Amino acid sequence: MPTMRYCILQQETELIFVEMPADYAYQLSALILRLNKEVDKLTADNVPALPQAVAECDSLDLLRESDQIAGGLDYINRLEQSFSSIQETSYPLISLLTEIRALQAQLEQWYEEAAEETELLS
């Protein structure tokens, strides 16, 4: 079983719990921090609201039934979709999209390898 970590993000008053492969959790936190640093420079009207990176942890027990854990790849796919829809003309948005897509590609490869490994073990 692969080791997972949890990134805890906060968007307004909502907490978002993202399950990530342990080796990639820091990258998601760093990406969110970087996007927050750069998002104010975007001039487009349709810039998505971003959560703040709050914490990372090794294990997570949710106590409220309303809370859910998002898969890392699902979360990064939604993030990529929201940024790829921005109609930006002044700021080099491609650099932010490149960072998002790099993590997306790494996660896709990780999940493929994990699925192959699981298949071999069964």
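The protein chain appears in an unreviewed UniProt entry as Hydrolase/acyltransferase from Paenibacillus yonginensis.

Participant: Lay out helix H1 (residues 25-38) in plain terms, naming residues and giving numbers.
Facilitator: Across its 14 residues, H1 extends 20 Å between first and last C-alpha, which sits within 8% of the 20 Å expected from 1.5 Å per residue. Buried residues of H1: Ala 25, Leu 28, Ser 29, Leu 31, Ile 32, Leu 35, Asn 36 and Glu 38, and no others. Next to the buried residues of H1 lie strand E1 (4-11), strand E2 (14-21), strand E3 (52-57), helix H2 (72-84) and helix H3 (93-121).

Participant: An account of the UniProt feature "coiled-coil region" (unreviewed entry) in the protein chain is requested, with residue identities and associated values reported.
Facilitator: The feature "coiled-coil region" (unreviewed entry), as given by UniProt, occupies residues 93-120 in the numbering adopted here. Within the segment residues 93-120, helix and strand shares are 100% and 0% respectively, and the terminal C-alpha atoms sit 41 Å apart.

Participant: Tell me what's going on with the side chain of Gln 104, and back it up with residues and numbers.
Facilitator: Structurally, Gln 104 can be placed in helix H3. In terms of polar contacts, Gln 104 uses its side chain to reach the side chain of Asn 77, at 2.6 Å. Here Gln 104 is in contact with Leu 73, Ile 76, Asn 77 and Glu 80, once residues within four sequence places are set aside.

Participant: Can you break down the sheet that holds E1 residue by residue, with the values?
Facilitator: The mixed open sheet is built from four strands, whose spatial order is E3-E1-E2-E4. One side of each edge strand has no neighbouring strand; the edge strands of this open sheet are E3 and strand E4 (69-71). For this sheet, the mean angle separating the axes of adjacent strands, direction not counted, is 30 degrees. Sheet analysis places E2 next to E4, joined by three bridges and oriented parallel. Note on E4: the bridge partner recorded for Val 18 is Ala 70. Sitting on the sheet, H1 touches E1, E2 and E3, and the angle it makes with E3 is about 165 degrees.

Analysis parameters
- Residues numbered from 1 in each chain as written.
- Predicted model: local features only at pLDDT ≥ 70, side-chain atom pairs only at ≥ 80, totals over all residues.
- Heavy atoms only, no water.
- Helix = DSSP H or I, 4+ residues; strand = E, 2+ residues; numbered from the N terminus.
- Expected span 1.5 Å × (residues − 1).
- Buried < 20%, exposed > 50% of the residue type's maximum accessible area, 1.4 Å probe, protein only.
- Contact = heavy atoms within 4.5 Å.
- UniProt positions renumbered as here; feature names shortened; annotations may be inferred.
- Polar contact = N/O pair within 3.5 Å; in protein donor to acceptor, adjacent residues only side chain to side chain.
- Pairing = 2+ DSSP bridges.
- Axes fitted to C-alpha atoms, helices over the stretch in contact; angles between N-to-C directions.

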